[in-house]
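Coordinates in review
The lines below spell out each chain.
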Amino acid sequence: MPSLLFDNRFVRELPGDPEQSLRRRQVHGALYSRVVPTPVAAPHLLAWSPELAQALGMEEAWVRSPEFAQVFAGNTLMPGMEPYSAAYGGHQFGHWAGQLGDGRAISLGEVVNDQGERLELQLKGAGPTPYSRSADGRAVLRSSIREFLCSEAMHHLGVPTTRALSLVGTGESVVRDMFYDGRPRAEPGAVVCRVAPSFLRFGNFELPASRGDVALLERLLSFTIARDFPELAAAGSPASPEVRAHWFTEVCERTARLMAQWMRVGFVHGVMNTDNLSILGLTIDYGPYGWVDDFDLGWTPNTTDAQGRRYRFGNQPQIGYWNLEQLANALLPVFADAKPLEAGLERYVEAFNLATRACVGAKLGLRQCTDDDLRLMGDLQALMQDAEVDMTLFFRALGEFDEAAPRSPLGAEAFYDPAKRERAAPAFADWLERYGARLRADARPVHERRAQMHAANPRYVLRNYLAQEAIDRAEQGDARGVTELLDLLRHPYEDQPGLERFAGRRPDWARDRAGCSMLSCSS
Ligand code: AMP
Ligand code: MG
């Protein structure tokens with residue numbers, strides 16, 4: 001067993017719930033409850049992240065040992081671990097939902113590694129907690145595979161995210177009614193170990209605020225600034241109005257940049273409730289998320305949101321802002337006045353526009369992105385949406401565009417419908433003509449532009465149907481598909497000879513299949 005250095009500041013410095021039982025309850029005056037994971041029958045390692053194991057100083061031989069599976073299924077605690085579940089609330093689908101909390105997440109502790117990085121380890125699916133409400137605290141294999149793979153895929157794409165160290169099968173089954181249609185079935189269970197500097201969400205701040213517990217909110221805010229924003233804490237006391245103003249602006253900017261990144265790669269979170277937004281600007285809580293295949297700003301993978309489509313692809317930046325407004329409301333009692341909060345929200349808009357400009361410039365391979373270029377991108381997106389064009393394939397193909405021969409056919413494999421392709425051909429040719437002219441005005445060496453574009457337009461993303469194929473295999477007892485995808489997605493911007501099939505269009509069979517184009521919150 002490696003010796004990990006734990007420095008559990010959250011439970012050491014902040015007030016916890018005096019009761020130590022799993023009884024479901026409302027927890028007041030405390031930011032967490034101490035909870036021990038509930039053991040499972042037969043833990044076995046299914047997949048793991050080599051980079052994270054290394055960052056934690058874990059040797060491969062140990063990761064593959066039965067002891068590792070025992071620890072990361074929640075059966076054994078390592079020395080220094082002090083498990084707890086956090087109390088938080090949240091606005092769900094636009095409405096205040098009261099106390100939610102870690103209903104199936106249990107943090108084991110905060111490791112400080114030999115680089116001085118803080119890595120909190122958190123099990124998801126390790127059994128009930130005081131916050132489990134009417135649910136069981138467990139997670140099924142399919143959703144655990146999706147969380148494990150997407151956490152790592154996002155990291156390698158350069159999108160801020162929580163990470164995943166391991167995926168451990170429990171040897172127990174979990175009953176779920178996947179489509180809420182009264183047909184529950186037993187599914188294999190699993191536990192993912194997530195890793196992040198902090199798992200704090202907007203909702204951790206909203207809960208004490210909703211109860212008028214200003215003292216508790218005050219403590220959480222000062223703690224967060226001191227532990228998670230050391231560069232701000234270095235500039236003054238976490239209690240000072242200036243530092244707090246900077247902090248809120250920083251949260252707004254990080255959220256803005258995250259939204260621009262999601263739009264760049266075609267990621268749709270699916271459940272952007274305020275309890276699912278990280279205070280560090282990380283992608284967190286991979287549930288019914290999806291990747292855009294054919295470009296469609298109106299698309300949502302979440303069947304629970306099919307009516308209002310609140311969390312559709314193109315609405316994510318607006319929702320980021322709305323969520324920050326809820327956070328600002330919660331913070332008002334610990335800010336002397338509203339001005340710095342309003343200023344932070346204004347900064348969100350500027351930071352989003354700036355980050356979007358950078359992403360659009362990089363996706364199109366431009367030195368500078370002007371207002372005209374934003375329009376050029378907008379026009380392209382409208383064409384893509386109209387003609388049902390695969391986002392990932394098209395942008396990757398655009399990197400191969402030859403401005404000396406602008407009428408050459410481009411990205412034929414990116415079109416889902418031959419008839420629509422034919423109909424849209426003249427419009428695409430016009431657009432490519434404009435694009436060619438724009439590139440000639442830039443007069444850049446082709447290799448330079450291509451390198452920029454290939455670093456912004458991934459070749460491989462975790463297409464929903466690819467995850468589902470790996471899930472189908474794993475449910476049959478063969479988890480190698482998970483590791484294959486993980487290996488592929490560790491280098492998303494590189495062409496990987498022999499692995500072209502993972503870059504292809506979504507096949508027809510996957511168009512309307514559960515898990516491939518539509519997902520429920522049941523997990
Ligand atoms: P989500 O929509 O997955 O972010 O979850 C919303 C809330 O429900 C959070 O408080 C979760 O911890 C809780 N929750 C979701 N699934 C379960 C489960 N199987 N057992 C206990 N709590 C759960
Ligand atoms: Mg959640």
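Residues numbered from 1 in each chain as written. Chains lettered and ligands numbered in written order. Predicted model: local features only at pLDDT ≥ 70, side-chain atom pairs only at ≥ 80, totals over all residues. Heavy atoms only, no water.

**Some remarks on the nonpolar core**
- In terms of nonpolar packing, the biggest core is built from 89 residues, with Trp 247, Phe 248, Trp 291 and Leu 331 touching the most fellow members.
- Counting residues domain by domain, this core receives three or more from each of domain 1 (9–19 + 26–199) and domain 2 (203–361).
- Among residues more than four places away in sequence, those in contact with Leu 331 are Phe 205, Leu 221, Trp 247, Phe 248 and Leu 341.
- Within the second largest apolar cluster, 32 residues are counted, among which are Leu 376, Ala 387, Val 389 and Met 391. (Core = buried A, V, L, I, M, F, W, Y, C linked by side-chain atoms within 4.5 Å. Buried < 20%, exposed > 50% of the residue type's maximum accessible area, 1.4 Å probe, protein only. Domains from an automatic or database assignment. Contact = heavy atoms within 4.5 Å.)

**Focus on the packing of aromatic side chains**
- Inspection of every chain in the model, using the stated rule, returns 22 aromatic pairs.
- Consider the rings of Phe 10 and Tyr 84, whose centres lie 5.1 Å apart with planes at 25 degrees: the pair is stacked. With a gap of 74 residues between them, Phe 10 in helix α1 (residues 9–13) and Tyr 84 in strand β3 (residues 84–86) connect regions that are remote in the sequence. Each member of the pair, Phe 10 as well as Tyr 84, carries the same accessibility label: buried. (Phe/Tyr/Trp six-rings, centres within 6.5 Å; stacked < 30°, edge-to-face > 60°. Helix = DSSP H or I, 4+ residues; strand = E, 2+ residues; numbered from the N terminus.)

**Focus: the domain arrangement of the protein**
- Assigned domains of the protein: these are domain 1 (9–19 + 26–199), domain 2 (203–361) and domain 3 (367–443).
- Each of domain 1 and domain 3 has a C-alpha centre, and these two points are 42 Å apart.

**Considering the side chain of Glu 388**
- Residue position: Glu 388 is located in the loop between α12 (371–387) and α13 (391–398).
- A distance of 2.9 Å separates a polar atom in the side chain of Glu 388 from a polar atom in the side chain of Lys 420. (Polar contact = N/O pair within 3.5 Å; in protein donor to acceptor, adjacent residues only side chain to side chain.)

**Focus on the state of the cysteines**
- Using the criterion set out here, one finds zero disulfides in the structure.
- Just so you know, Cys 193 is unpaired, no disulfide at all, and the nearest cysteine sulfur is the one on Cys 150, 17 Å from it.
- Among the residues examined, Cys 193 registers a relative accessible area of 0% and is labelled buried.
- Sulfur of Cys 521: no disulfide; nearest cysteine sulfur belongs to Cys 150 and is 15 Å away.
- Residue classification places Cys 521 among the partly exposed residues on the basis of a relative accessible area of 28%. (Disulfide = S-S within 2.5 Å.)

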